[in-house]
Amino acid sequence: MKQKIRDILGKHGGLPVPVETLADDADLYAAGLSSFASVQVMLGIEEAFDVEFPDNLLNRKSFQSIAAITRAVEGLTGNAEAAE
């Protein structure tokens, strides 16, 4: 799951650094993620995982890091697989 999220982040995040260089708990906004890009990432995740983010998850904290995004997706899918 984390690799799929990293792929989506790499495609839609517009980060100035390679996603592969970021730790799972690295602050994505500090790494250059913009508000607009976070929406693009969210849309990519919704499509890839066939989920819809509810209003309570539409916040900066949900997209703060790869680990935070993974937790949100796991909660939405009911799938707490150890992301590899």
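Thresholds, definitions, all that
Residues numbered from 1 in each chain as written. Predicted model: local features only at pLDDT ≥ 70, side-chain atom pairs only at ≥ 80, totals over all residues. Heavy atoms only, no water. Helix = DSSP H or I, 4+ residues; strand = E, 2+ residues; numbered from the N terminus. Rg over C-alpha atoms; globule rule 2.2 N^0.38 Å. Buried < 20%, exposed > 50% of the residue type's maximum accessible area, 1.4 Å probe, protein only. Contact = heavy atoms within 4.5 Å. Lys, Arg positive; Asp, Glu negative; His and termini not counted. Charge placed at Lys NZ, Arg CZ, Asp CG, Glu CD. Axes fitted to C-alpha atoms, helices over the stretch in contact; angles between N-to-C directions. Parallel < 35°, antiparallel > 145°, perpendicular 65-115°, else oblique. Left-handed = near helix turned anticlockwise from the far one by under 90°. Phe/Tyr/Trp six-rings, centres within 6.5 Å; stacked < 30°, edge-to-face > 60°. Lys NZ or Arg CZ within 6 Å of the ring centre and 35° of its normal. Salt bridge = Lys/Arg side-chain N within 4 Å of Asp/Glu carboxyl O.

**Student:** Please clarify how the overall build of the protein chain should be interpreted in this entry.
**Tutor:** Per the secondary structure count, the protein chain includes three helices and zero strands. Here the C-alpha atoms of the protein chain give a radius of gyration of 11 Å, agreeing with the 12 Å that 2.2 N^0.38 yields for 84 residues. With the principal axes as the frame, the protein chain shows a C-alpha extent of 30 × 25 × 20 Å. Counting across all 84 residues of the protein chain, residues that qualify as buried make up 43%. Considering only contacts within the protein chain whose residues lie at least 6 apart along the sequence, 58% involve residues at least 24 apart. Across the protein chain, 7 positive and 13 negative side-chain charges occur, with their mean positions spaced 5 Å apart.

**Student:** Hey, could you run me through the packing of helix α1 (residues 2-12) against helix α2 (residues 35-49) in this one?
**Tutor:** Axis angle and axis distance: for two packed helices, these are the angle between their axes and the distance between the axes, and together they describe the pair. Where α1 meets α2, the axes come as close as 9 Å, and the angle between the chain directions of the two elements is 140 degrees. If you check the angle between α1 and α2, you find them oblique. With respect to the hand of their crossing, α1 and α2 are arranged in right-handed fashion. Counting all contacts with α1, which are made through Lys4, Ile5, Ile8, Leu9 and His12, the residues of α2 involved are Ala37, Gln40, Val41, Gly44, Ile45, Ala48 and Phe49.

**Student:** In this structure, what is going on with the packing of aromatic side chains? I would like to understand it.
**Tutor:** In this description, an aromatic ring pair is defined by two values, namely the gap between the centres and the angle between the planes. Going through the model one piece at a time under the given rule, you end up with one aromatic pair. With a centroid separation of 5.3 Å and 40 degrees between ring planes, the pair formed by Phe53 and Phe63 is classed as tilted. Here Phe63 lies in the loop between α2 and α3 (66-77) and Phe53 lies in the loop between α2 and α3, a separation of 10 residues in the sequence. By relative accessible area, Phe63 is classed as buried at 4%. Cation over ring: Lys4 sits above Phe49, and NZ or CZ is 4.8 Å from the ring centre. The lysine or arginine in question, Arg60, covers the ring of Tyr29, its NZ or CZ lying 3.9 Å from the ring centre.

**Student:** What is the right way to look at the pattern of salt bridges in this model?
**Tutor:** Should the charged atoms of two oppositely charged side chains come close, the side chains can pair. Going through the model one piece at a time under the given rule, you end up with two salt bridges. One salt bridge connects Asp24 with Lys2, and the closest N-O pair in it is separated by 3.0 Å. Of this pair, Asp24 sits in the loop between α1 and α2 while Lys2 sits in helix α1, placing them 22 residues apart in sequence. Since its relative accessible area comes to 27%, Asp24 is described here as partly exposed. The shortest N-O distance in the salt bridge between Arg6 and Asp24 comes to 2.7 Å. One end of the pair, Arg6, is in helix α1; the other, Asp24, is in the loop between α1 and α2, and 18 residues separate them in sequence. Judged by its relative accessible area of 14%, Arg6 falls in the buried class.

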